Amino acid sequence: MSYITEEQQVEELKSWWKENSKVIIATFILVVGGVLGWRYWQTHQLDSQRATSNSYEQVTQAYLQNPQANAELLQKFVTDNQNSNYAVLALFVQAKSAVEQNNSALAESSLKQALEFSRNDELKSISALRLAALQVQQQQYDQAEVSLKNINDKAWEGAKAQLQGDILLAKGDNNAARQAYQQALSNQNLNNLDRQLLQLKVDSLAE
């Protein structure tokens, strides 16, 4: 049996390190760099989201205080953040304010823009539902039906069916309207008040 002296072990270790040190150091740098890069990216994302949130609060508050004077400010925020959900929320604020001021043209324009910028089914469905409801109020029934086609979130199926019933009723198709109302009634997410109103609509169209 051969024995390796301590000096030989040291020499072998030195030789091994000389051959592999570059690879080990490079791997270490890549791993650590990757971890630090990921942490930096996460921190940057959080900081960016906080900045956008703060800006949203400031812009919408200024807009609500004076919509005419701060319309360009809000639109600039929307343009600068069109890939963020905050842009859609800002457009909701503008649309609501426009409805309260009886400015249906601005409200419709804001909701169409919100629908365009929506990045998920939930926001897209809310945008489409509000746009369709506004179009029904303006008796733009065909346009409202087109808007309803953008509602894909199951959470809004009941509201979609109810509004579809209102459109069909306005068009004079009572049977189809009743079926739409009955479909809306089958939705489990309805609150008691909406359910009672829908039942009244169904009963009023009973044959």
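If you're wondering where the values come from, they're calculated on a predicted model, not measured in any experiment. (Residues numbered from 1 in each chain as written. Predicted model: local features only at pLDDT ≥ 70, side-chain atom pairs only at ≥ 80, totals over all residues. Heavy atoms only, no water.)

As a further point, take the overall build of the protein. Along the protein, the regular secondary structure elements total nine helices and zero strands. Written out in order from the N terminus, the α and β elements of the protein read α-α-α-α-α-α-α-α-α. Within the span of the protein, comprising 207 residues, buried residues form 33% of the whole. When contacts within the protein are restricted to residue pairs at least 6 apart in sequence, long-range pairs at least 24 apart make up 48% of them. Taken as a whole, the protein presents about 13800 Å² of accessible surface, with 51% of it coming from carbon and sulfur. (Helix = DSSP H or I, 4+ residues; strand = E, 2+ residues; numbered from the N terminus. Buried < 20%, exposed > 50% of the residue type's maximum accessible area, 1.4 Å probe, protein only. Contact = heavy atoms within 4.5 Å. Areas by Shrake-Rupley, 256 points an atom, 1.4 Å probe, with all protein chains shown as cover.)

With that settled, the discussion passes to unusual backbone geometry. For N102, which is not glycine, the phi torsion reads 60 degrees and is therefore positive. As for its position among the elements, N102 is in the loop between α3 (85–100) and α4 (104–117). The class of N102 is exposed, set by a relative accessible area of 71%. One non-glycine residue, Q139, adopts positive backbone phi at about 60 degrees. Checked against the element boundaries, Q139 lands in the loop between α5 (121–137) and α6 (141–148).

Quick look at the pattern of salt bridges now. The full count for this structure, using the stated rule, is six salt bridges. Where E100 meets K96, a salt bridge forms, and the shortest distance between an N and an O atom there is 2.6 Å. Separated by four residues within a single helix, E100 and K96 lie in helix α3, roughly one turn from each other. Accessibility expressed as a relative area gives 54% for E100, which makes it exposed. A salt bridge links E108 to K112; its shortest N-O distance comes to 3.4 Å. (Salt bridge = Lys/Arg side-chain N within 4 Å of Asp/Glu carboxyl O.)

Taken as a whole and assessed by the stated rule, the structure comprises two aromatic pairs. Here Y56 and F77 contribute two aromatic rings whose centre-to-centre distance is 6.3 Å and whose plane-to-plane angle is 45 degrees, an arrangement assigned as tilted. Placement of the pair is Y56 in helix α1 (residues 6–65) and F77 in helix α2 (residues 71–80), with a sequence separation of 21 residues. One exposure class covers both Y56 and F77, and it is buried. Measuring from centroid to centroid gives 5.4 Å for Y56 and Y86, while their planes differ by 45 degrees, and the two rings are tilted. In this pair, Y56 sits in helix α1 while Y86 sits in helix α3, placing the two residues 30 residues apart along the sequence. Accessibility expressed as a relative area gives 14% for Y56, which makes it buried. (Phe/Tyr/Trp six-rings, centres within 6.5 Å; stacked < 30°, edge-to-face > 60°.)

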